[in-house]
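Structure assessment
Residue-level listing of the chains:
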Amino acid sequence: MKRRALVSTAALVGAGVLVLSGCSDNGDNGDSSASPGTATPGVPTIVTSTDVWGSVATAVAGDKAKVIALFTNAQGDPHEFEPPAADTAKIADADIILMNGGHYDQYLEDASKSSDATVVNAFKLLSDDHDDHDDHDDHDDDDSDDHQHHGDANEHVFYDLELVGDVADELADALATKNPSAKTTYEANADRFENNIDALRTQLADIKRTHNGAQVAQTEPLAGYLLTEAGLNDIAPTGFTRSVEAGQSPSAADRAAVEDLLKQHRVKAFVYNVQEVDQVTEALLKVAQSSKVPVVEFTETLPDGVDNYIGWQRGQIRSLADALGTAQ
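Let me sum up the structure you'll find in this document. Here, residues in each chain are numbered from 1, in the same order as that chain's written sequence. Only residues with pLDDT of at least 70 get local features here, since the model is predicted, and only at 80 or more are side-chain atom pairs given and counted; chain-wide, interface and lining totals rely on the full set of residues. The basis for every side-chain value is the complete set of heavy atoms in the structure, and neither hydrogens nor water enter the calculation.

Turning next to the nonpolar core. In this structure, Ile-46 and Tyr-309 are the most contacted members of the largest nonpolar core, which totals 59 residues. By the criteria applied, helices consist of DSSP H or I runs no shorter than four residues and strands consist of E runs no shorter than two, each listed in order from the N terminus. Where this core is concerned, the elements lending two or more residues are helix H2 (51–61), strand S4 (96–99), helix H5 (122–135), helix H7 (161–178), helix H8 (183–211), helix H9 (224–229), strand S9 (295–298) and helix H13 (309–326). Tallying contributions element by element places H7 first for this core, with 10 residues. Among the buried residues, those of types Ala, Val, Leu, Ile, Met, Phe, Trp, Tyr and Cys that are joined through side-chain atoms within 4.5 Å form a nonpolar core. Note on exposure labels: buried denotes an accessible area under 20% of the residue type's maximum, exposed denotes more than 50%, and partly exposed covers the range between, all computed with a 1.4 Å probe on protein chains only. In terms of nonpolar packing, the next biggest core, distinct from the first, is built from 17 residues, Ala-217, Leu-261, Val-277 and Val-280 among them.

Here the focus is the sheet that holds S9. By the convention used here, strands pair only if DSSP detects at least 2 bridges between them. A sheet is described by the order of its strands in space; here four strands give the open sequence S7-S6-S8-S9, paired in parallel fashion. Looking at strand neighbours, the two that pair on one side only are strand S7 (233–234) and S9, the edges of this open sheet. Strand direction decides the pairing type here: strand S6 (residues 215–218) and strand S8 (residues 270–273), joined by two bridges, are parallel. Looking at S8, one finds that Gln-218 is bridged to Val-271.

To continue, consider the packing of aromatic side chains. Pairing of aromatic rings covers Phe, Tyr and Trp, the last through its six-membered ring, and needs centres within 6.5 Å; plane angles under 30 degrees mean stacked, over 60 mean edge-to-face, and all others mean tilted. Summed over the entire model, instances satisfying the criterion amount to 10 aromatic pairs. Pairing Phe-81 with Tyr-107 gives two aromatic rings, centres 5.5 Å apart and planes at 75°, and the pair type is edge-to-face. Here Tyr-107 lies in helix H4 (residues 106–112) and Phe-81 lies in the loop between strand S3 (66–71) and helix H3 (85–92), a separation of 26 residues in the sequence. For the ring pair Tyr-159 and Phe-298, a centre distance of 5.7 Å and an interplane angle of 15° mean the geometry is stacked. Taken as a pair, Tyr-159 in the loop between helix H6 (141–146) and H7 and Phe-298 in strand S9 lie far apart in primary sequence, 139 residues in all. Per residue, the accessibility class of Tyr-159 equals that of Phe-298, and both read buried. By the ring-pair criterion, three or more aromatic residues cluster together here, those being Tyr-104, Phe-158, Tyr-159, Phe-193, Phe-298, Tyr-309 and Trp-312.

Moving on to the pattern of salt bridges. For this document, the term salt bridge refers to a Lys or Arg side-chain nitrogen within 4 Å of an Asp or Glu carboxyl oxygen. What the rule picks out here adds up to seven salt bridges. One salt bridge in this structure joins Lys-113 and Asp-110, with 3.9 Å as the shortest N-O distance. Between Glu-259 and Arg-255 there is a salt bridge; the shortest N-O distance is 3.6 Å. A residue pair is termed a helical-turn pair when its members lie 3 or 4 positions apart in one helix, as Glu-259 and Arg-255 do in helix H11 (residues 252–263) at four residues. The exposure class of Arg-255 is partly exposed, given its relative accessible area of 30%. In this structure, a network of salt bridges that share partners links the residues Glu-162, Arg-201 and Glu-229.

Laid out in structure tokens, this is it:
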């Protein structure tokens, strides 16, 4: 079964590019690191794949860089996005390329090979961090428990909160190299952003304190890093979640297994990726609803009306906590 496209290719292209330079609405959304304003001519240009990473870049850069996110469609599937020629030109002109990596935004990985831009690859930072931990066996157990980067590779690294903070640091360094006069601003913005990340991680620690070991099921391995840090155990069959992620039809056995998890209330929440939807996931959503299993809707890009990473994840974590609190 081919993954069902949620929007047409034309719609993807039409909604594909968003310039985020200094445009965040700080208010009380938690992303107070980004200063409103318009990028000054001559400041660095950052090109990134999705508005999730674009919002991280804006939080660090403030009005001292121009940030271009290529995919900003709240209903579309970023896995299926291929940039049009105009976007390819934007990538070629970038001073910094901020990519998810891990084949999530393969077009950026490919384009960066022939670019002079500085590359910040989130997935590679995770892999390098994992290698560093493997090379140092003398760290104490508390340190290893605090860091959630281990385990099977999962390309959705924007759900690894600690890693996102690391990316903010790396990006601040890259920006400072391109624009040394704003180095202090970039560093201060990154520090404030990381403080907000710490507040999100406190929310996850609260969930873990109350629900450690609770079982949940995802439609695909979207929020694996976040769920792990919250002490939750995703017991959906790996074959099922990987098939949904790849746009393939899960086996009858795997589908039946997920149905049983829901009908028998073996899971406290059903984590549903609203941007990776097909007939199978829609059918299971109905099973969860009829079985009164709380459904938590997660996304891969910023929902309509949300313009910053901190506010996005804060809302999702709150929804997860609420669902666990009401589970039968």
